[in-house]
Structure formats: C-alpha cells, structure tokens
Amino acid sequence: MHVILDLCIVPLGVGVSVSAYVAECHRIIQTTGLKTQLHAYGTNIEGDWDAVMAAVKQCHERVHAMGAPRITTTIKLGTRTDRSQSMADKVQSVHDQLT
C-alpha cells in the first residue's frame, strides 16, 4: 500500500537544539530511496507502507543510539485506493487553486 506520511521526531532529554538528530533521521530516510521533503517542522515521506514504517523505526533506533533517552513522535499519514497520488500532486493541487 502506498502512503504519504508526515513525520516529526522529537528527542527528549538532549537539550534545546535537536537539529543533529533531525539531520541524522533525514540521512536515514534518504538512504532508503523513498521520496522525501524536509520542512520546518518535520519530513514528508512517500512510498510503500512497510518501507516507510521501517524508516521511521530506523530513525527511532538511531536517535536512541545517539543518546536520547526518550522520543516523542507525531505522525500524520494518508492512503488512497481510488487513484494514485504523490506529494507533488497534492501540493500542485493547492497551487492550482491559488492561481
């Protein structure tokens, strides 16, 4: 099943700045070959459900290995069965309404 997921991983107990942890997660996701789009408060990921969820798990494992004793994660995701849709399609649909 194809999924578009919005991921926000926040390590707790590591201080105020979390950019190193976010960067490491982004590197992990990029190595999977999944389509990604980094934004100010998370990362959009597009691909096969199992591959996307496996990447989320890898991110958690890596952030813990980097010393975060606790992680809070917010996930929003969507699936469709009526037609194929990509992240780019969704953004373009909104842009079309703006012009």
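Notes on the structure follow. Small disclaimer: the values here were computed from a predicted structure and weren't measured.

Some details on the packing of helix α1 (residues 19-31) against helix α2 (residues 49-65)
Geometrically, a packed helix pair is captured by the angle between its two axes and the distance between the axes.
Logical step 1: In the contact formed by α1 and α2, the axes pass within 9 Å of each other and the chain directions differ by 140°. Both α1 and α2 take part in a crossing whose hand is right-handed. When α1 is examined against α2, the residues Tyr 21, Glu 24, Cys 25, Ile 28 and Ile 29 are found in contact with a partner set consisting of Ala 55, Gln 58, Cys 59, Arg 62 and Val 63.
Logical step 2: Tallied by class, residues from the contact of α1 with α2 come to seven nonpolar, one polar and two charged.

Re the layout of surface pockets
Logical step 1: Roughly 320 Å³ of internal volume is contained in the largest pocket.
Logical step 2: Ile 4, Leu 5, Gly 78, Met 87 and Lys 90 are the residues nearest the centre of the largest pocket, which is lined by 19 residues in total.
Logical step 3: Counting residues per element, the ones that place at least two in the lining of the largest pocket are β1 (2-12), β2 (35-39), β4 (70-78) and α3 (87-98).
Logical step 4: With five residues, β1 is the largest single contributor of residues to the lining of the largest pocket.

The rules behind the values
Residues numbered from 1 in each chain as written. Predicted model: local features only at pLDDT ≥ 70, side-chain atom pairs only at ≥ 80, totals over all residues. Heavy atoms only, no water. Axes fitted to C-alpha atoms, helices over the stretch in contact; angles between N-to-C directions. Helix = DSSP H or I, 4+ residues; strand = E, 2+ residues; numbered from the N terminus. Left-handed = near helix turned anticlockwise from the far one by under 90°. Contact = heavy atoms within 4.5 Å. Nonpolar A, V, L, I, M, F, W, Y, C, P; charged D, E, K, R; others polar. 1 Å grid on protein atoms, 1.4 Å probe; cavity = no way out; pocket = protein on both sides within 12 Å on 5 of 7 lines; lining within 4 Å. Points joined across faces, edges and corners; volume = space filled by probe spheres on them.

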